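Working through the structure, step by step
The chain contents come next:
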Amino acid sequence: MQIADMVADQLAALKAEGNYRVFADLERVRGAFPAATRRSGAAAAPVTVWCSNDYLGMGQHPGVLAAMHAALDRSGAGAGGTRNISGTTHDHVLLEAELADLHGKEAALLFTSGYVSNWAALGTLGSRIPGCLILSDALNHASMIEGIRHSRAQKAIWRHNDLADLEAKLAAEPLERPKIVAFESVYSMDGDIAPIAEICDLADRYNAITYLDEVHAVGLYGPRGGGVAERDGVMDRVTVIEGTLGKAFGVVGGYIAASADLCDFVRSFASGFIFTTALPPHVAAGAAASIRHLKHSDAERQLQRRRVAEVRARFDAIGLPHLPNPSHIVPLMVGDPVKCKFISDTLLDRHGIYIQPINYPTVPKGTERLRITPSPVHGADDVDRLCHALEDLWTQCQLARMPRAAQ
Ligand SMILES: Cc1ncc(COP(=O)(O)O)c(C=O)c1O
(Lines give C-alpha, C1' and ligand atoms only; values in the text may rest on other atoms or scores of the structure.)
Protein backbone atom coordinates (compact mmCIF):
# COMPACT_ATOMS: atom_id res chain seq x y z
CA MET A 1 0.00 0.00 0.00
CA GLN A 2 1.26 3.48 -0.88
CA ILE A 3 1.60 6.23 1.76
CA ALA A 4 -1.01 8.31 -0.08
CA ASP A 5 -3.51 5.43 0.25
CA MET A 6 -2.75 5.02 3.97
CA VAL A 7 -3.34 8.73 4.48
CA ALA A 8 -6.63 8.61 2.56
CA ASP A 9 -7.77 5.47 4.42
CA GLN A 10 -7.19 6.97 7.83
CA LEU A 11 -9.01 10.16 6.91
CA ALA A 12 -11.92 8.07 5.61
CA ALA A 13 -11.99 6.07 8.87
CA LEU A 14 -12.04 9.29 10.91
CA LYS A 15 -15.01 10.53 8.88
CA ALA A 16 -16.82 7.19 9.26
CA GLU A 17 -16.38 7.37 13.08
CA GLY A 18 -17.87 10.88 13.10
CA ASN A 19 -14.63 12.29 14.55
CA TYR A 20 -13.49 14.33 11.55
CA ARG A 21 -13.11 17.99 12.47
CA VAL A 22 -14.49 20.73 10.25
CA PHE A 23 -13.27 24.28 10.87
CA ALA A 24 -15.62 27.24 10.85
CA ASP A 25 -13.96 29.95 8.72
CA LEU A 26 -14.47 33.09 10.82
CA GLU A 27 -13.42 36.70 10.71
CA ARG A 28 -13.68 38.31 14.12
CA VAL A 29 -15.05 41.85 14.01
CA ARG A 30 -12.93 44.19 16.11
CA GLY A 31 -15.02 46.29 18.46
CA ALA A 32 -18.02 44.04 17.94
CA PHE A 33 -16.73 40.65 19.15
CA PRO A 34 -18.42 38.15 19.85
CA ALA A 35 -19.84 39.16 16.46
CA ALA A 36 -17.90 37.58 13.62
CA THR A 37 -18.31 36.98 9.90
CA ARG A 38 -18.50 33.39 8.75
CA ARG A 39 -16.95 32.84 5.34
CA SER A 40 -17.93 30.02 3.04
CA GLY A 41 -16.55 30.43 -0.49
CA ALA A 42 -17.79 33.80 -1.69
CA ALA A 43 -20.63 33.86 0.86
CA ALA A 44 -20.44 35.72 4.18
CA ALA A 45 -22.85 35.47 7.11
CA PRO A 46 -22.89 37.16 10.52
CA VAL A 47 -22.47 34.90 13.55
CA THR A 48 -22.21 35.28 17.32
CA VAL A 49 -19.39 33.27 18.84
CA TRP A 50 -20.26 31.42 22.08
CA CYS A 51 -17.29 29.08 22.37
CA SER A 52 -14.27 31.39 22.34
CA ASN A 53 -11.47 31.16 24.89
CA ASP A 54 -10.93 34.91 24.52
CA TYR A 55 -12.87 34.73 27.77
CA LEU A 56 -12.90 38.45 28.58
CA GLY A 57 -12.78 39.93 25.08
CA MET A 58 -9.23 41.22 25.71
CA GLY A 59 -8.34 40.29 22.11
CA GLN A 60 -10.09 43.49 21.07
CA HIS A 61 -9.34 45.69 24.09
CA PRO A 62 -8.27 49.15 22.85
CA GLY A 63 -5.30 49.27 25.25
CA VAL A 64 -4.02 45.91 24.03
CA LEU A 65 -4.42 46.91 20.40
CA ALA A 66 -2.74 50.27 20.97
CA ALA A 67 0.25 48.57 22.63
CA MET A 68 0.52 46.15 19.72
CA HIS A 69 0.29 48.90 17.09
CA ALA A 70 2.92 50.97 18.91
CA ALA A 71 5.34 48.03 19.20
CA LEU A 72 4.80 47.09 15.56
CA ASP A 73 5.62 50.63 14.50
CA ARG A 74 8.59 50.77 16.86
CA SER A 75 10.16 47.35 16.27
CA GLY A 76 8.73 45.84 13.08
CA ALA A 77 7.12 42.45 12.57
CA GLY A 78 9.16 39.53 13.87
CA ALA A 79 11.68 38.98 16.66
CA GLY A 80 14.28 37.95 14.10
CA GLY A 81 15.75 35.01 15.96
CA THR A 82 15.60 32.55 18.81
CA ARG A 83 15.73 34.08 22.28
CA ASN A 84 19.42 33.12 22.41
CA ILE A 85 20.44 34.48 19.02
CA SER A 86 19.22 38.08 18.70
CA GLY A 87 15.54 37.29 19.36
CA THR A 88 15.30 38.63 22.92
CA THR A 89 13.75 42.07 22.64
CA HIS A 90 12.98 44.50 25.41
CA ASP A 91 9.28 43.63 25.08
CA HIS A 92 10.07 40.01 26.03
CA VAL A 93 12.06 41.15 29.06
CA LEU A 94 9.25 43.43 30.22
CA LEU A 95 6.61 40.73 29.70
CA GLU A 96 8.58 38.17 31.74
CA ALA A 97 8.88 40.69 34.57
CA GLU A 98 5.11 41.35 34.35
CA LEU A 99 4.40 37.60 34.58
CA ALA A 100 6.78 37.00 37.48
CA ASP A 101 5.05 39.83 39.34
CA LEU A 102 1.57 38.48 38.47
CA HIS A 103 2.36 35.17 40.14
CA GLY A 104 4.59 36.47 42.93
CA LYS A 105 7.55 34.47 41.62
CA GLU A 106 11.20 35.38 41.15
CA ALA A 107 11.11 34.80 37.40
CA ALA A 108 9.07 33.80 34.37
CA LEU A 109 9.97 32.26 31.04
CA LEU A 110 8.08 32.77 27.78
CA PHE A 111 7.26 30.16 25.15
CA THR A 112 5.50 30.38 21.82
CA SER A 113 2.32 28.79 23.24
CA GLY A 114 0.88 27.23 26.38
CA TYR A 115 1.19 23.86 24.68
CA VAL A 116 4.91 24.38 24.11
CA SER A 117 5.45 25.64 27.66
CA ASN A 118 3.96 22.45 29.16
CA TRP A 119 5.72 20.20 26.70
CA ALA A 120 9.09 21.88 27.15
CA ALA A 121 9.00 22.48 30.91
CA LEU A 122 7.70 19.05 31.94
CA GLY A 123 9.87 17.37 29.30
CA THR A 124 12.97 19.10 30.64
CA LEU A 125 12.24 18.65 34.35
CA GLY A 126 11.33 14.99 33.89
CA SER A 127 14.35 14.11 31.78
CA ARG A 128 16.99 16.13 33.63
CA ILE A 129 16.14 15.26 37.23
CA PRO A 130 17.58 11.82 37.91
CA GLY A 131 15.03 9.23 39.06
CA CYS A 132 12.16 11.72 38.80
CA LEU A 133 8.58 10.46 39.14
CA ILE A 134 5.81 12.61 37.66
CA LEU A 135 2.43 12.18 39.32
CA SER A 136 -0.06 13.33 36.72
CA ASP A 137 -3.80 13.98 37.18
CA ALA A 138 -5.80 11.62 34.93
CA LEU A 139 -7.46 14.52 33.09
CA ASN A 140 -4.34 16.57 32.40
CA HIS A 141 -4.14 18.32 29.04
CA ALA A 142 -2.48 16.67 26.03
CA SER A 143 0.45 19.13 26.22
CA MET A 144 1.32 17.95 29.75
CA ILE A 145 0.91 14.30 28.77
CA GLU A 146 3.17 14.78 25.73
CA GLY A 147 5.78 16.61 27.83
CA ILE A 148 5.83 13.81 30.39
CA ARG A 149 6.02 11.17 27.67
CA HIS A 150 8.85 13.06 25.95
CA SER A 151 10.79 13.25 29.24
CA ARG A 152 10.81 9.44 29.53
CA ALA A 153 10.48 9.89 33.29
CA GLN A 154 8.38 7.35 35.16
CA LYS A 155 4.75 8.49 35.38
CA ALA A 156 2.02 7.67 37.91
CA ILE A 157 -1.51 8.73 36.94
CA TRP A 158 -3.77 9.61 39.87
CA ARG A 159 -7.55 9.67 39.64
CA HIS A 160 -8.86 13.08 38.69
CA ASN A 161 -8.85 15.49 41.67
CA ASP A 162 -8.72 12.47 44.03
CA LEU A 163 -6.56 13.38 47.03
CA ALA A 164 -6.70 9.88 48.54
CA ASP A 165 -5.40 8.34 45.32
CA LEU A 166 -2.68 10.97 45.01
CA GLU A 167 -1.64 10.35 48.61
CA ALA A 168 -1.53 6.57 48.10
CA LYS A 169 0.73 7.02 45.08
CA LEU A 170 3.00 9.51 46.86
CA ALA A 171 3.22 7.32 49.99
CA ALA A 172 4.28 4.32 47.92
CA GLU A 173 7.52 6.08 46.94
CA PRO A 174 10.67 6.64 49.02
CA LEU A 175 10.56 10.10 50.61
CA GLU A 176 13.90 11.07 49.07
CA ARG A 177 12.82 10.25 45.50
CA PRO A 178 12.36 13.43 43.37
CA LYS A 179 8.67 13.82 42.56
CA ILE A 180 6.57 16.32 40.61
CA VAL A 181 2.80 16.55 41.10
CA ALA A 182 1.39 17.87 37.81
CA PHE A 183 -2.20 19.13 37.62
CA GLU A 184 -4.50 21.91 36.37
CA SER A 185 -6.60 24.43 38.27
CA VAL A 186 -9.67 24.78 36.01
CA TYR A 187 -10.27 21.70 33.84
CA SER A 188 -11.53 23.03 30.57
CA MET A 189 -14.12 20.46 29.51
CA ASP A 190 -16.02 19.92 32.80
CA GLY A 191 -15.08 23.28 34.33
CA ASP A 192 -14.27 21.75 37.72
CA ILE A 193 -11.49 23.16 39.90
CA ALA A 194 -8.65 21.35 41.69
CA PRO A 195 -8.18 21.54 45.49
CA ILE A 196 -4.81 23.29 45.13
CA ALA A 197 -4.07 23.86 48.84
CA GLU A 198 -4.74 20.22 49.72
CA ILE A 199 -2.56 19.03 46.84
CA CYS A 200 0.23 21.33 48.09
CA ASP A 201 -0.22 19.85 51.60
CA LEU A 202 0.33 16.37 50.20
CA ALA A 203 3.28 17.51 48.12
CA ASP A 204 4.89 19.03 51.23
CA ARG A 205 4.24 15.91 53.29
CA TYR A 206 5.77 13.58 50.71
CA ASN A 207 8.63 15.79 49.52
CA ALA A 208 7.27 16.59 46.05
CA ILE A 209 7.24 19.79 44.01
CA THR A 210 4.06 21.03 42.29
CA TYR A 211 3.46 21.97 38.64
CA LEU A 212 0.14 23.76 38.09
CA ASP A 213 -1.41 24.52 34.69
CA GLU A 214 -3.54 27.67 35.14
CA VAL A 215 -4.25 28.09 31.42
CA HIS A 216 -8.05 28.37 31.92
CA ALA A 217 -7.71 30.55 35.03
CA VAL A 218 -5.09 33.26 34.46
CA GLY A 219 -6.70 36.65 33.99
CA LEU A 220 -9.99 35.28 35.33
CA TYR A 221 -9.50 34.38 39.00
CA GLY A 222 -7.81 36.16 41.87
CA PRO A 223 -7.88 39.90 42.61
CA ARG A 224 -5.16 40.57 40.00
CA GLY A 225 -5.98 37.74 37.58
CA GLY A 226 -3.18 35.52 38.90
CA GLY A 227 -5.43 32.45 38.68
CA VAL A 228 -7.09 30.11 41.15
CA ALA A 229 -3.87 29.82 43.18
CA GLU A 230 -4.01 33.59 43.72
CA ARG A 231 -7.72 33.45 44.60
CA ASP A 232 -6.98 30.70 47.14
CA GLY A 233 -3.92 32.52 48.54
CA VAL A 234 -1.56 29.67 47.70
CA MET A 235 0.58 30.98 44.81
CA ASP A 236 3.68 30.86 47.00
CA ARG A 237 3.08 27.16 47.73
CA VAL A 238 3.03 26.12 44.06
CA THR A 239 6.51 25.46 42.65
CA VAL A 240 5.76 26.10 38.95
CA ILE A 241 2.73 27.99 37.61
CA GLU A 242 2.16 27.56 33.89
CA GLY A 243 -0.17 29.76 31.86
CA THR A 244 -1.18 30.99 28.44
CA LEU A 245 -1.35 34.45 26.88
CA GLY A 246 -3.85 33.17 24.31
CA LYS A 247 -7.06 32.80 26.28
CA ALA A 248 -8.17 35.39 28.89
CA PHE A 249 -5.24 37.64 27.94
CA GLY A 250 -6.46 37.56 24.34
CA VAL A 251 -3.15 37.33 22.47
CA VAL A 252 -0.89 34.24 22.05
CA GLY A 253 2.05 32.60 23.82
CA GLY A 254 2.71 30.58 26.96
CA TYR A 255 4.91 30.76 30.04
CA ILE A 256 6.05 29.31 33.31
CA ALA A 257 6.59 31.34 36.50
CA ALA A 258 8.81 29.89 39.22
CA SER A 259 12.08 30.46 41.11
CA ALA A 260 14.91 32.15 39.22
CA ASP A 261 16.91 28.91 39.24
CA LEU A 262 14.08 26.77 37.93
CA CYS A 263 13.34 29.18 35.07
CA ASP A 264 17.04 29.38 34.32
CA PHE A 265 17.21 25.57 34.26
CA VAL A 266 14.37 25.28 31.72
CA ARG A 267 15.80 28.21 29.72
CA SER A 268 19.16 26.45 29.56
CA PHE A 269 18.04 22.92 28.70
CA ALA A 270 14.61 22.93 27.01
CA SER A 271 14.87 22.37 23.25
CA GLY A 272 11.29 23.71 22.86
CA PHE A 273 12.54 27.00 24.27
CA ILE A 274 16.02 27.15 22.73
CA PHE A 275 15.50 26.12 19.12
CA THR A 276 12.56 28.24 18.01
CA THR A 277 12.02 31.85 16.99
CA ALA A 278 10.87 34.12 19.80
CA LEU A 279 7.35 35.59 19.85
CA PRO A 280 7.08 38.81 17.81
CA PRO A 281 7.75 41.87 20.02
CA HIS A 282 4.30 43.37 19.36
CA VAL A 283 2.69 40.14 20.62
CA ALA A 284 4.71 40.42 23.82
CA ALA A 285 3.77 44.10 24.14
CA GLY A 286 0.06 43.32 23.66
CA ALA A 287 0.14 40.51 26.22
CA ALA A 288 1.91 42.73 28.75
CA ALA A 289 -0.72 45.46 28.26
CA SER A 290 -3.50 42.90 28.74
CA ILE A 291 -1.95 41.51 31.94
CA ARG A 292 -1.33 45.01 33.31
CA HIS A 293 -4.93 45.99 32.61
CA LEU A 294 -6.38 42.89 34.29
CA LYS A 295 -4.13 43.32 37.33
CA HIS A 296 -5.94 46.57 38.07
CA SER A 297 -9.38 46.14 36.57
CA ASP A 298 -11.91 43.70 38.01
CA ALA A 299 -14.78 44.98 35.82
CA GLU A 300 -14.29 42.37 33.09
CA ARG A 301 -14.16 39.51 35.61
CA GLN A 302 -17.29 40.73 37.41
CA LEU A 303 -19.27 41.17 34.22
CA GLN A 304 -18.18 37.73 33.01
CA ARG A 305 -19.39 36.17 36.27
CA ARG A 306 -22.75 37.92 35.87
CA ARG A 307 -23.13 36.63 32.32
CA VAL A 308 -22.21 33.08 33.35
CA ALA A 309 -24.77 33.16 36.19
CA GLU A 310 -27.40 34.59 33.84
CA VAL A 311 -26.87 31.88 31.22
CA ARG A 312 -26.98 29.14 33.87
CA ALA A 313 -30.19 30.57 35.36
CA ARG A 314 -31.84 30.78 31.94
CA PHE A 315 -30.83 27.19 31.15
CA ASP A 316 -32.26 26.09 34.52
CA ALA A 317 -35.52 27.85 33.77
CA ILE A 318 -35.99 25.93 30.51
CA GLY A 319 -34.49 22.69 31.82
CA LEU A 320 -31.35 22.55 29.71
CA PRO A 321 -28.95 20.12 31.40
CA HIS A 322 -25.71 21.98 32.03
CA LEU A 323 -23.00 20.50 34.20
CA PRO A 324 -22.85 22.26 37.57
CA ASN A 325 -19.33 23.52 38.32
CA PRO A 326 -17.73 26.47 40.13
CA SER A 327 -16.07 27.99 37.03
CA HIS A 328 -16.89 30.17 34.02
CA ILE A 329 -17.30 27.19 31.68
CA VAL A 330 -20.87 26.05 30.95
CA PRO A 331 -20.92 22.52 29.49
CA LEU A 332 -24.37 21.84 28.01
CA MET A 333 -24.70 18.06 27.97
CA VAL A 334 -26.15 16.44 24.83
CA GLY A 335 -24.82 12.89 25.31
CA ASP A 336 -25.08 11.88 21.67
CA PRO A 337 -22.44 12.68 19.00
CA VAL A 338 -24.86 12.90 16.09
CA LYS A 339 -27.34 15.16 17.89
CA CYS A 340 -24.48 17.25 19.26
CA LYS A 341 -23.17 17.91 15.76
CA PHE A 342 -26.67 18.45 14.41
CA ILE A 343 -27.44 21.07 17.07
CA SER A 344 -24.13 22.81 16.45
CA ASP A 345 -24.64 22.82 12.65
CA THR A 346 -28.22 24.07 12.96
CA LEU A 347 -27.25 26.81 15.42
CA LEU A 348 -24.67 28.02 12.93
CA ASP A 349 -26.66 27.66 9.70
CA ARG A 350 -30.09 28.79 10.90
CA HIS A 351 -29.47 30.98 13.92
CA GLY A 352 -26.02 32.47 13.29
CA ILE A 353 -24.78 31.08 16.61
CA TYR A 354 -21.40 29.37 16.68
CA ILE A 355 -20.73 26.68 19.32
CA GLN A 356 -18.32 23.96 18.29
CA PRO A 357 -19.55 20.45 19.24
CA ILE A 358 -17.26 18.61 21.66
CA ASN A 359 -17.27 14.90 20.86
CA TYR A 360 -15.06 11.87 21.56
CA PRO A 361 -12.02 11.66 21.92
CA THR A 362 -11.91 15.13 23.52
CA VAL A 363 -14.56 13.92 26.02
CA PRO A 364 -15.70 10.35 26.83
CA LYS A 365 -18.38 8.77 24.61
CA GLY A 366 -21.87 9.49 25.93
CA THR A 367 -20.82 12.89 27.36
CA GLU A 368 -20.86 14.83 24.09
CA ARG A 369 -21.58 18.47 24.78
CA LEU A 370 -21.68 22.08 23.72
CA ARG A 371 -19.02 23.98 25.68
CA ILE A 372 -20.36 27.48 26.19
CA THR A 373 -18.20 30.37 27.40
CA PRO A 374 -20.27 33.45 28.31
CA SER A 375 -18.17 36.61 28.38
CA PRO A 376 -18.48 40.28 29.30
CA VAL A 377 -18.89 41.11 25.61
CA HIS A 378 -22.07 39.02 25.22
CA GLY A 379 -25.16 41.20 25.58
CA ALA A 380 -28.64 40.41 26.94
CA ASP A 381 -29.91 40.04 23.34
CA ASP A 382 -27.22 37.46 22.63
CA VAL A 383 -28.33 35.45 25.68
CA ASP A 384 -31.99 35.65 24.58
CA ARG A 385 -31.23 34.43 21.08
CA LEU A 386 -29.05 31.60 22.39
CA CYS A 387 -31.73 30.36 24.82
CA HIS A 388 -34.56 30.51 22.29
CA ALA A 389 -32.56 28.65 19.65
CA LEU A 390 -31.42 25.96 22.10
CA GLU A 391 -34.93 25.51 23.49
CA ASP A 392 -36.29 24.83 19.97
CA LEU A 393 -33.47 22.46 19.11
CA TRP A 394 -33.83 20.55 22.38
CA THR A 395 -37.47 19.86 21.49
CA GLN A 396 -36.66 19.03 17.89
CA CYS A 397 -33.99 16.51 18.95
CA GLN A 398 -36.24 15.04 21.66
CA LEU A 399 -33.56 15.52 24.27
CA ALA A 400 -34.38 15.17 27.97
CA ARG A 401 -34.81 18.26 30.11
CA MET A 402 -33.81 18.61 33.74
CA PRO A 403 -36.73 17.99 36.11
CA ARG A 404 -36.62 21.62 37.21
CA ALA A 405 -38.28 22.55 33.90
CA ALA A 406 -41.47 20.78 34.92
CA GLN A 407 -41.79 22.73 38.18
C1 LIG B 1 -5.21 22.88 30.08
C2 LIG B 1 -4.50 23.43 28.89
N3 LIG B 1 -3.16 23.60 28.97
C4 LIG B 1 -2.48 24.10 27.92
C5 LIG B 1 -3.11 24.45 26.75
C6 LIG B 1 -2.31 25.00 25.61
O7 LIG B 1 -2.34 26.39 25.64
P8 LIG B 1 -2.17 27.22 24.28
O9 LIG B 1 -3.51 27.24 23.62
O10 LIG B 1 -1.66 28.54 24.71
O11 LIG B 1 -1.16 26.45 23.46
C12 LIG B 1 -4.49 24.29 26.63
C13 LIG B 1 -5.14 24.68 25.34
O14 LIG B 1 -6.22 24.68 25.06
C15 LIG B 1 -5.21 23.76 27.73
O16 LIG B 1 -6.53 23.57 27.65
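Please refer to the structure higher up on the page.
These remarks concern the structure in this document. (Residues numbered from 1 in each chain as written. Predicted model: local features only at pLDDT ≥ 70, side-chain atom pairs only at ≥ 80, totals over all residues. Heavy atoms only, no water.)

Viewed as axis vectors pointing N to C, helix H2 (residues 62-75) and helix H12 (residues 281-296) meet at an angle of 150 degrees, and their least axial separation amounts to 8 Å. One way to sum up the angle between H2 and H12 is to call them roughly antiparallel. Where H2 crosses over H12, the two elements pack in a sense that is right-handed. Side by side, H2 and H12 meet where Gly63, Val64, Ala67, Met68, Ala71, Leu72 and Ser75 of the first sit next to Pro281, His282, Val283, Ala285, Gly286, Ala289 and Ser290 of the second. Here the contact of H2 with H12 is composed, by residue class, of nine nonpolar, five polar and no charged. (Axes fitted to C-alpha atoms, helices over the stretch in contact; angles between N-to-C directions. Helix = DSSP H or I, 4+ residues; strand = E, 2+ residues; numbered from the N terminus. Parallel < 35°, antiparallel > 145°, perpendicular 65-115°, else oblique. Left-handed = near helix turned anticlockwise from the far one by under 90°. Contact = heavy atoms within 4.5 Å. Nonpolar A, V, L, I, M, F, W, Y, C, P; charged D, E, K, R; others polar.)

Our next topic: the site of the ligand. Taken together, 13 residues lie around the ligand, and Gly114, Asp213, His216, Thr244 and Lys247 are the ones closest in. With respect to the ligand, the backbone of tyrosine 115 contributes an N or O atom lying 2.8 Å from an oxygen atom. Here the ligand has 390 Å² of accessible area as a free molecule, and 82% of this is covered by the chains. Of the residues forming the shell around the ligand, the biggest block, three residues, is contributed by helix H5 (residues 114-128). (Near = heavy atom within 4 Å. Polar contact = N/O pair within 3.5 Å; in protein donor to acceptor, adjacent residues only side chain to side chain. Areas by Shrake-Rupley, 256 points an atom, 1.4 Å probe, with all protein chains shown as cover.)

Turning to its location among the elements, alanine 309 is positioned in helix H13 (residues 299-318). A relative accessible area of 45% means that alanine 309 is categorised as partly exposed. Each C-alpha atom of the pair alanine 309 and histidine 328 lies 8.7 Å from the other, and the pair is 19 residues apart in sequence. (Buried < 20%, exposed > 50% of the residue type's maximum accessible area, 1.4 Å probe, protein only.)

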